[in-house]
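Each chain, letter by letter, is given below.
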Amino acid sequence: MASTNGVMLQEEDVSLLRVDNINKTFVTTRALRDVKFEVEEGEIRGLVGENGSGKSTLASIISGIIYPDNGEMLKHGKSYEPGSLLDANRSKISIVVQEMATIDGLTVAANLFLGEEKLFKKFGFLNTSGMNKSSMKVLQRFGIENIKPDADISFLSFEDRKLVEFAKALYVEPDLLIVDETTAALSQHGREILFREIERLKSKNRSVIFISHDLGEVIEHCDHITIMKDGEIVDTVTTGSLKERALKELMVGRELQQSYYREDTEAFYSDDVVLGVSDLTLEGSYYNISFELHRGEVLGIGGLTNCGMHLLGKTLFGLESASSGTIEVVKRKKVITNYVEAIANGIGYLPKNRDQEGLMLLSSIKDNICLPSLSKIQRNTFISPRKERELAESGTRQLNIKMSSINQFCLYLSGGNKQKVTLSKWLVRDSDILILDCPTRGIDVAVKASIYSLMQELKVKGKSIIMISEELQELIGVSDRIIVLKDGRIKRIFSRRKDLTEEEIIHYMI
Amino acid sequence: MRKMRGIKKIIPYLGLIMIIILFSALTQGSLITFRNLKLIFNQAVVLIIACIGVTFVMSQGSLDLSQGSLLGISGAMAATFAALNTTLSLPMALLTGIAVGLINGSLLAFFKIPSFIITLCVLFILRGLTVIATHSGSIPIPFEMLELDSYQIKVPLLVTIIVIACYFFNYTKIGKSMRAIGSGEVSARYSGVPVERMKILAYLVSGVLCGLCGWLNVVRTGAADSKTGLLFELDILTALVLGGMPLTGGSSAKFHSAIIGGLMLAILSNGMVLVGIKAELQQAVKGVIFLLAVYLSFERESVVLIK
Ligand SMILES: Nc1ncnc2c1ncn2[C@@H]1O[C@H](COP(=O)(O)OP(=O)(O)OP(=O)(O)O)[C@@H](O)[C@H]1O
Ligand SMILES: [Mg+2]
């Protein structure tokens, strides 16, 4: 039946996946325009672009989560029209999405085998222990040791939840794996697992589409890099000897100024202490933490993801209560015991887990931005809609949030733009002390640079910032001092200096 | 999709108009005679006031099912104390409402049990207390109190409550914080909303307004009965859902739901009586309408469960 013509086609030049002239419009936003895209067998393809340029949209279409308005896709030269994510999985395409995709209240095993429960059904009953055993095997196969299959997933850390999703995507044995902005949620250990598995797929002639804002990482691991802008594909380049700076400029479409981080090489802040933390301990998480935060200081806190720094951040904002120790806002002689007091005393907090803790997804951008500032804009209990609008508009303008209007639900924003909304909440409130937990997670290079310069402005204005981060470059780049935590204890405090290196810090982290 | 939203917004109004037209036709106009309109108003006052209270609770994504028995017990308290001194009756009814609101709210805030279970239990308990307080019968109120059942009191009262509640719901930190809890409790907390305080406050408002309804009801009927308020909580829920209130609460909770919904249900109940539908069947019809309203208004995008 197969004509010679058909056989010819099946030979050499048939790519693994071919996307042809795909368009996608959401209400008024044109997310994708005539996208043409090809992935060959055995290649790791980077996909980069500014926030809201359409990367996740393209990834969702390839993996069957949403449908294109028109255009077609071919897999191994045959028409490929996935109706759902499971459908795509059956065609050996799987994805780790940018947002959290595991379901609260189910166990790790149940999440892992969601939609595949029939494998473990006997006489209509679910064989839970069988499912747990298989999960254990799957997790171990990918080198994930510390996660128990029968644990309720809502008790897992953000990173571990991502790893479960990753295992789920690998379990499909995909020909094509899409990893959307996942590394930003992972610590060093998680990243190692991720890249090891990616290389393993490549060695078996499978392919990976890798989406990330960490351009260094993209250059290191990808064979080719496709650059998107405003829903269009601008270029595809071979990595070779490509430099990060060149890639950045391709991405932003203009030349970037030299400095990315701040330029001064010495710590610089006032002697006034604004926040005094003494002997703070939370059993099982961190111990005897004491430090002082000064006016106009950027204090970095770094360490491995489970070193206790994320919980420390929550405690400083009064969301967790420490077993012992105190947190004092010095100027007002006020000891912070809960989050309401913390806000009232000028502290703001940007959580790491933005979809669960940072945003109300089913509320407008305006409502989200204004919520912490309501007491500031009210006059005798009255909150004028005009003031709300103005506040939200100033916030979205400052961070250049890509949206259709301030009344748009946050659910429909791209990942990076969601992050900008969470940050904007605290910027418009004009807090004296900002605690930022991974503030630039999922944010593109251009906006990252503007956030760093914004932090610099705040610093000059006499605000103080505590920045918790897993990115050492970022810590070194913007902090006056860096506290390094290991297993919940302060190992070392570095002051800003010219020749501070990542290696030096890592030495105290592990 | 945006268009869909726009249409959804006007569904309650369309529903109200349709119900008025339908029953006017079925009753050959006797629905909209002046005498009958007064009747509808009297029914609607109590319903709307109670709905306003529950609006605050539902905007947080919670439910208050204790209202039926609260109407009973606050009426019983009002009548019992009216026998001692008529000026005591209103404060006692309100205090009962406040107490019950505080209990509901505190149980929800501190024990983290789903609100419909808590308030359902409270519903049972209060019904029991109502039966005890009324000695399984009814307590009449002093004759002179019947004068209080006048439009000169009720119209200004209703208008005042609507204006104040609408102000707090739409233009203050309280209303906005409550809706924020409905949209995402964790994120609201992380943005500084005092979640526990707000939950208690919502049930307090709901309780005190229902206490007021209990008093209004006693004054109107002249007695507190052991069966007063049976299934009232479901009337409120139906009314609110008909008015477009989402069961999940959050940013799409609108204040007008209480008024439109209350009016709709009052007209519906009245119309069914006029048309001559049997009392037993009326309940069934309401049930079907409730189901239909939930089906039409359910936001499938929000997979959040009712807390
Ligand atoms: N469900 C949706 N409804 C409406 N608009 C949407 C929806 N999903 C995405 N968009 C819009 O489409 C555009 C592209 O979004 P997309 O998520 O693909 O960006 P992205 O490149 O992944 O960005 P990021 O780097 O921030 O993750 C954005 O402007 C976004 O607001
Ligand atoms: Mg994205």
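1. Thoughts on the overall build of chain B
Helix and strand counts for chain B stand at 12 helices and two strands. Its helices and strands in sequence order give chain B the pattern α-α-α-α-α-β-α-α-α-α-β-α-α-α, from N to C terminus. At 19 Å, chain B has a C-alpha radius of gyration in line with the 19 Å of a compact globule built from 307 residues. The dimensions of chain B, computed from C-alpha atoms along their principal axes, are 55 × 50 × 35 Å. The long-range fraction of contacts in chain B, counting pairs at least 24 apart against all pairs at least 6 apart in sequence, stands at 82%. If you sum the accessible surface of chain B, you get close to 13,700 Å²; carbon and sulfur atoms cover 74% of it.

2. Some remarks on the nonpolar core
Of all hydrophobic cores here, the largest spans 156 residues; its most connected members are Leu275(A), Phe317(A), Ile466(A) and Ile52(B). Broken down by element, this core gets its largest block of residues, 14 residues, from helix H2 (residues 34-59) of chain B. Mapped onto the domain boundaries, this core takes at least three residues apiece from domain 2 (257-346 + 432-510) and domain 3 (354-431) of chain A. Aside from chain neighbours lying at most four places away, what touches Ile52(B) is Ile161(B), Ile162(B), Ala165(B), Leu209(B), Phe255(B) and Ala258(B).

3. Quick notes on the coordination of the magnesium ion (ligand 2)
All names here are of chain A. Within the protein, the magnesium ion (ligand 2) binds to Ser56 (OG) and Gln98 (OE1); these donor distances fall in the range 1.9 to 2.1 Å. Here Ser56, found in helix H2 (residues 55-62), pairs with Gln98, found in the loop between strand E6 (93-96) and helix H4 (108-112); they are 42 residues apart in sequence, far enough to count as distant. On the basis of relative accessibility, which here comes to 26%, the residue Ser56 falls in the partly exposed class. Overall, Gln98 belongs to the buried group, its relative accessible area being 12%.

4. Concerning the interface of chain B and chain A
One frequently used descriptor of interface size is the decrease in accessible area upon assembly of the parts. Listed per partner, the contact involves 26 residues of chain B and 33 residues of chain A. Buried surface at the junction of chain B and chain A, summed over both partners, amounts to about 2,400 Å²; 62% is from carbon and sulfur atoms. Of all residues in chain B, Lys173(B), Tyr190(B) and Ser191(B) give up the largest surface area on contact with chain A, accounting jointly for 28% of the area buried on that side. Scanning the region where chain B abuts chain A turns up one salt bridge. Here Glu388(A) and Lys176(B) are joined by a salt bridge, their closest N and O atoms 3.0 Å apart. Where chain B meets chain A, there are 13 residue pairs in polar contact (both at pLDDT 80 or more). If you list the elements that add at least two residues to the side of chain B that touches chain A, you get helix H1 (2-26), helix H6 (151-171), helix H7 (173-183), helix H8 (185-190) and helix H9 (195-221) of chain B. It is H8(B) that contributes the most residues to the side of chain B that touches chain A, five residues altogether.

5. Concerning the domain arrangement of chain A
Residues and elements named next belong to chain A. Once the domains are mapped, chain A shows domain 1 (25-102 + 157-252), domain 2 (257-346 + 432-510) and domain 3 (354-431). Each of domain 1 and domain 2 has a C-alpha centre, and these two points are 32 Å apart. Taken residue by residue, the interface counts 16 residues in domain 1 and 12 residues in domain 2. Counting each side, the surface lost to burial between domain 1 and domain 2 is near 1,100 Å², with a carbon and sulfur contribution of 54%. Looking only at domain 1, the three residues that lose the most surface to domain 2 are Asn51, His213 and Arg245, adding up to 34% of its buried area. For the pair domain 1 and domain 2, the interface holds zero salt bridges. For the side of domain 1 that touches domain 2, the secondary-structure elements that each account for two or more residues are helix H6 (158-171) and helix H9 (244-252). Partitioning the side of domain 1 that touches domain 2 into residue classes produces seven nonpolar, four polar and five charged.

6. Brief notes about the pairing of strand E15 (residues 298-302) of chain A
All names here are of chain A. Within E15, five of the five residues are buried, which leaves it mostly tucked inside the rest of the structure. Of the two faces of E15, the one carrying Val298, Gly300 and Gly302 and the one carrying Leu299 and Ile301 are both buried. Sheet topology note: the E15/strand E20 (residues 464-469) ladder contains five bridges and is parallel. Directly across from Ile301, in E20, lies its bridge partner Ile468. With four bridges connecting them, E15 and strand E21 (residues 481-486) associate as parallel partners. Counterpart to Gly302 in the pairing with E21 is Val484.

7. What about the site of ligand 1?
Residues and elements named next belong to chain A. Of all residues adjacent to ligand 1, which total 19 residues, the nearest are Gly52, Ser56, Thr57, Ser414 and Gly416. At a separation of 3.0 Å, an oxygen atom of ligand 1 approaches a polar side-chain atom of Asn51. Ser53 places a main-chain nitrogen or oxygen 3.2 Å from an oxygen atom of ligand 1. Considering ligand 1 on its own, with 640 Å² of exposed area, one finds that the protein chains cover 89% of that surface. The set of elements that each furnish at least two residues to the shell around ligand 1 consists of strand E2 (29-39), H2 and helix H16 (415-429). Summarising the domain contributions, the shell around ligand 1 has at least three residues from each of domain 1 (25-102 + 157-252) and domain 3 (354-431).

8. Things to note about the sheet that holds strand E14 (residues 286-294) of chain A
All names here are of chain A. Within the open sheet, the four strands sit side by side as E14-E13-E16-E17. Their pairing is antiparallel. Edge positions in the sheet fall to E14 and strand E17 (334-335), since each has one partner strand and no second. The sheet contact formed by strand E16 (residues 324-329) and E17 spans two bridges and is antiparallel. Along E17, the bridge assignment pairs Glu328 with Val335.

9. Some details on the side chain of Arg161(A)
Structurally, the position occupied by Arg161(A) is in helix H6. The residues touching Arg161(A), leaving out its near neighbours within four places in the chain, are Met100(A), Thr102(A), Ile103(A), Asp104(A), Ile153(A), Ser154(A) and Leu156(A).

10. Some details on the packing of aromatic side chains
Taken as a whole, this structure holds 14 aromatic pairs over all chains when the rule is applied. A centroid spacing of 5.7 Å and a plane angle of 45 degrees characterise the contact between Phe41(B) and Tyr151(B), whose relative ring orientation is tilted. Taken together, the residues Phe41(B) in helix H2 and Tyr151(B) in helix H6 connect sequence positions 110 residues apart. According to the relative accessible area criterion, Phe41(B) is partly exposed, its value standing at 22%. One aromatic cluster in this structure is built from Phe317(A), Tyr349(A), Trp426(A) and Tyr190(B). The ring of Phe169(B) is capped by Arg179(B), whose NZ or CZ atom sits 4.7 Å from the centre of that ring.

11. Comments concerning the sheet that holds E2(A)
Spatially, the four strands line up as an open sheet ordered E2-E1-E4-E5 (chain A), and their pairing is antiparallel. The open sheet terminates on both sides in strands that have one partner only, identified here as E2 and strand E5 (78-79) of chain A.

12. A look at the pairing of E21(A)
In the case of a regular strand, side chains alternate between the two sheet surfaces. Residues and elements named next belong to chain A. Within E21, five of the six residues are buried, which leaves it mostly tucked inside the rest of the structure. With six bridges joining them, E21 and strand E22 (residues 489-495) adopt antiparallel strand pairing. Each bridged residue has a counterpart across the sheet, and for Arg481 the counterpart in E22 is Ser495. Where E21 hands over to E22, the hairpin turn is made up of two residues, of which Asp487 adopts a positive phi near 45 degrees.

13. Considerations on the environment of Arg196(A)
Residues and elements named next belong to chain A. Tracing the sequence through the fold places Arg196 in helix H7 (residues 188-203). With a relative accessible area of 44%, Arg196 lands in the partly exposed category. In this structure, the C-alpha to C-alpha distance between Arg196 and Ser424, residues 228 residues apart in sequence, is 36 Å. Beyond its immediate sequence surroundings of up to four residues, Arg196 is in contact with Phe142 and Gly143.

Conventions used here
- Residues numbered from 1 in each chain as written.
- Chains lettered and ligands numbered in written order.
- Predicted model: local features only at pLDDT ≥ 70, side-chain atom pairs only at ≥ 80, totals over all residues.
- Heavy atoms only, no water.
- Helix = DSSP H or I, 4+ residues; strand = E, 2+ residues; numbered from the N terminus.
- Rg over C-alpha atoms; globule rule 2.2 N^0.38 Å.
- Contact = heavy atoms within 4.5 Å.
- Areas by Shrake-Rupley, 256 points an atom, 1.4 Å probe, with all protein chains shown as cover.
- Core = buried A, V, L, I, M, F, W, Y, C linked by side-chain atoms within 4.5 Å.
- Buried < 20%, exposed > 50% of the residue type's maximum accessible area, 1.4 Å probe, protein only.
- Domains from an automatic or database assignment.
- Donors = N, O, S within 2.8 Å, 3.2 Å for Na, K, Ca; no water.
- Buried area = accessible area lost by both parts, 1.4 Å probe.
- Salt bridge = Lys/Arg side-chain N within 4 Å of Asp/Glu carboxyl O.
- Polar contact = N/O pair within 3.5 Å; in protein donor to acceptor, adjacent residues only side chain to side chain.
- Nonpolar A, V, L, I, M, F, W, Y, C, P; charged D, E, K, R; others polar.
- Pairing = 2+ DSSP bridges.
- Near = heavy atom within 4 Å.
- Phe/Tyr/Trp six-rings, centres within 6.5 Å; stacked < 30°, edge-to-face > 60°.
- Lys NZ or Arg CZ within 6 Å of the ring centre and 35° of its normal.

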